[in-house]
Every structure is written in structure tokens, then in C-alpha cells.
Amino acid sequence: ERTVLIGAVVRLLLAWVVFSVAGFMYGREISTLLLPVIDTVVEYFWEIYDAGLFIVDNNGNDMIKMVATLTLPVVIAPDTIVPPGTQLPAGSNVIHTLVPLVILCTVLVAVPASGIGERIAQLLLGIVGAVAVIALTAPFVLAGHIEIFFQNTAARAGVDRPEPFHLTWMVAMESGGRWVMGLIIALIVARLAKWFVREDEGST
């Protein structure tokens, strides 16, 4: 057991270094591949605006930038309406966006597997898990920043506007939730991979 534990710790540290370096070196390219996932989630949940997504450089830091163009009016108060056509920007640091993916991949590499079959299952399920991690974090962070604009507008108008769920979720993600999300989904993927392999072995 001690040897297995030491091996897992070594794999964990090495994987963390490798995936972290990959995130720093190829963050722009990886994030570009993830934009369709983010765009799909935004379009599904937020019908009041059309979102344009870009990777931009902000003082040497790569950012995922979203420009939301309102397609419907947003009524804050009877005399305070944000009209259609209003463009609202939001952004998220690329490295911060990729942190849950780094955690996901690191944990999956470190988790012991019974054989090549379980590793393949981890890989395939890990791809699904990676999409889930991004879908549950990045779109909500971006949309949450847009929502802050509406909350601030309401505050200036003296209106007590209830905080929507996605803003609460964004605050949670920005407060360390992205790290937890990557860890939780990694553990779920590892458990499912082990279960699938056992089911396959049991049926043969």
C-alpha cells in the first residue's frame, strides 16, 4: 500500500507540473478549442442576448472575452430599461478558466488503474468530464459578470433586484469553486471508469 501511495503522489506531482506548463504554454490554443462549448451553453441559458466570444490579449494576459448584445429589453425599473442593441463586455482569464481542466487531468493520471482497459475508460470519460467542467464554469463566470452590470444598474436606480442563481454560481466559481469542480468531476470519472470495466469483465 505504501508503494502504491508513493507512486500515486509522484504521478500527481509530475502530472500537475506537466499539465500546468501545458496550460501556460498553450492556453490560448486550448481555450480557442473550448469556445464552441462556452458559446453553446451561453446561447442555451441566456436568450436575452447574442454573445460573441474571442481570445484577446490584456496587458500580456490571455483573456476569454465575451461581448453580449441584448436582443430583448431588460427592465430594471419602470423608468430604467436597458434597450436592445446594448453591448455588454465580460472577460475571464484563460489560465483561471483552464485550472479545473488541469486538476481534472492531474487527478485522473494519479488515480491507480487496474489495467489498460480502465485507463482507456478514464481517457474517454475524461473527455466528457472536461466538457462538463468547462460547461459548468466558464459560461457562468462570463454571464455572471454581465449580470453584475444589471445589479449595479438596479442599485443606482434604488431597486432591490433579486440575485439570480447564475450570479451566485459565478461568485462560488470565482471563490475556489472551479478547483472543487475539477476535483469532483475527476473523481466521478475515475469511479465510472472503474465501474464500466468491472461491468464489462462481469459480462464476459
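Everything numeric in this text was worked out from a predicted model, so none of it was measured. (Residues numbered from 1 in each chain as written. Predicted model: local features only at pLDDT ≥ 70, side-chain atom pairs only at ≥ 80, totals over all residues. Heavy atoms only, no water.)

Visitor: How would you sum up the packing of aromatic side chains? Please name residues and give values.
Guide: Under the criterion given, the structure shown has nine aromatic pairs. Taking the centre distance of 6.2 Å and the plane angle of 35° together, the rings of Trp16 and Trp179 count as tilted. Here Trp179 lies in helix α4 (residues 165–203) and Trp16 lies in helix α1 (residues 2–45), a separation of 163 residues in the sequence. On the basis of relative accessibility, which here comes to 36%, the residue Trp16 falls in the partly exposed class. Ring-pair connections join several aromatic residues into one group, and the members of that group are Tyr44, Phe45, Trp46, Phe140, Phe165 and Trp169. (Phe/Tyr/Trp six-rings, centres within 6.5 Å; stacked < 30°, edge-to-face > 60°. Helix = DSSP H or I, 4+ residues; strand = E, 2+ residues; numbered from the N terminus. Buried < 20%, exposed > 50% of the residue type's maximum accessible area, 1.4 Å probe, protein only.)

Visitor: How would you summarise the nonpolar core if you had to cite specific residues and measurements?
Guide: Judged by nonpolar contacts, the single largest core of 52 residues is most densely connected at Ile38 and Tyr49. Elements with a contribution of two residues or more to this core: α1, β1 (49–58), β2 (61–70), β3 (74–77), β5 (87–93), α2 (94–110), α3 (116–156) and α4. What Ile38 contacts, discounting residues up to four positions off in sequence, is Leu53, Ile64, Ile134, Ala138, Pro139 and Leu142. (Core = buried A, V, L, I, M, F, W, Y, C linked by side-chain atoms within 4.5 Å. Contact = heavy atoms within 4.5 Å.)

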